[in-house]
Amino acid sequence: TMEILILLPSVLTEKDLPKMDGYRLVEALNNLPEEKHIPVILLSDGSCLEEELVAYRRGFFEFIKMPIDPISLMTRVLKAINAYDKSNNYSCKCAE
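Residues numbered from 1 in each chain as written. Predicted model: local features only at pLDDT ≥ 70, side-chain atom pairs only at ≥ 80, totals over all residues. Heavy atoms only, no water.

### Concerning the nonpolar core
Line of reasoning, step 1. Within the largest apolar cluster, 12 residues are counted, these being Val 11, Tyr 23, Leu 25, Val 26, Leu 29, Ile 38, Val 40, Leu 42, Ala 55, Phe 60, Phe 63 and Tyr 84.
Line of reasoning, step 2. Taken together, the elements giving at least two residues each to this core come down to α1 (22-30) and β3 (40-44).
Line of reasoning, step 3. The greatest single-element share of this core, amounting to four residues, is contributed by α1.
Line of reasoning, step 4. When sequence neighbours within four positions are dropped, the list of residues in contact with Ala 55 reads Tyr 23, Leu 42, Phe 60 and Phe 63.
Line of reasoning, step 5. Core analysis: the next-biggest nonpolar cluster, separate from the first, contains eight residues, Ile 41, Leu 43, Ala 80 and Ile 81 among them. (Core = buried A, V, L, I, M, F, W, Y, C linked by side-chain atoms within 4.5 Å. Buried < 20%, exposed > 50% of the residue type's maximum accessible area, 1.4 Å probe, protein only. Helix = DSSP H or I, 4+ residues; strand = E, 2+ residues; numbered from the N terminus. Contact = heavy atoms within 4.5 Å.)

Below you can see the structure in the form of C-alpha cells.
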C-alpha cells in the first residue's frame, strides 16, 4: 500500500493514512511558508464528484481516482512539477 510518495517537487498521497490523513497532510504543508507551493496529488478510491470538490477546496493540486491509469498519473505528476517550477522560477528538465 502506498502511503505517501514524494516526487520532488510534488507529493502523492492517499486520503486515508494510518497516522495522518491526506487532508491533514495538505493542510500541514500549506501552513509552512517554504512548503506551501508544493503540489499535492490525492489518490482516492472515492468516485463521487463531491469528494473531488472537497479535495480541491482543501488545497490539493490534483485528484486521481483509483485504480490508477499509469499514463494519466505520469501526466498529472509532470503537470504538478511544471506548475511548481513556474511558481518558483525553477527549471526542471524531467520532461525531456
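Next comes the rest of the account.
### Regarding the confidence of the model for the protein chain
Line of reasoning, step 1. Chain-level statistics for the protein chain give a pLDDT mean of 79 and a share of 79% at 70 or above.
Line of reasoning, step 2. Here strand β1 (residues 4-7) is the element of the protein chain with the lowest mean pLDDT, 53, and helix α2 (residues 49-57) is the one with the highest, 91.
Line of reasoning, step 3. This stretch, residues 90-96, has a pLDDT under 50; its non-local contacts, to residues over four places away or in other chains, come to seven contacts. (pLDDT = per-residue confidence, 0-100.)

### Focus on the packing of aromatic side chains
Line of reasoning, step 1. The tally for this structure, following the rule as stated, stands at one aromatic pair.
Line of reasoning, step 2. Their ring planes at 75 degrees and their centres at 5.9 Å tell us that Tyr 23 and Phe 60 sit as a pair that is edge-to-face. With Tyr 23 in helix α1 and Phe 60 in the loop between α2 and β4 (62-65), this residue pair connects regions lying 37 residues apart in the sequence. The same class applies to Tyr 23 and to Phe 60, which are both buried. (Phe/Tyr/Trp six-rings, centres within 6.5 Å; stacked < 30°, edge-to-face > 60°.)

### Describing the pattern of salt bridges
Line of reasoning, step 1. Taken as a whole and assessed by the stated rule, the structure comprises four salt bridges.
Line of reasoning, step 2. Among the salt bridges present, the one from Glu 52 reaches Lys 65, with a minimum N-O distance of 4.0 Å. Here Glu 52 is found in helix α2, whereas its partner Lys 65 is found in strand β4, with 13 residues between them in sequence.
Line of reasoning, step 3. Classification of Glu 52 by relative accessible area gives buried; the value is 18%. (Salt bridge = Lys/Arg side-chain N within 4 Å of Asp/Glu carboxyl O.)

### As for the environment of Leu 29
Line of reasoning, step 1. Considering the arrangement of structural elements, one finds Leu 29 in helix α1.
Line of reasoning, step 2. Spatially, the C-alpha atom of Leu 29 lies 9.5 Å from that of Pro 39, the residues being 10 residues apart in sequence.
Line of reasoning, step 3. Excluding its chain neighbours within four sequence positions, the residues that come into contact with Leu 29 are Val 11, Glu 35, Lys 36 and Val 40.

### Notes on unusual backbone geometry
Line of reasoning, step 1. Omega for the peptide link from Met 66 to Pro 67 comes to 5 degrees, which places this bond in the cis form.
Line of reasoning, step 2. Checked against the element boundaries, Pro 67 lands in the loop between β4 and α3 (70-87).

### Quick word on the pairing of β4
Line of reasoning, step 1. Alignment of β3 against β4, held across four bridges, turns out to be parallel. Opposite Ile 41, over in β4, you have Glu 62 as the bridge partner.
Line of reasoning, step 2. After leaving β3, the chain enters α2 and then returns to the sheet as β4, a path that is right-handed. (Pairing = 2+ DSSP bridges. Right-handed = clockwise from strand over helix to strand, strands pointing away.)

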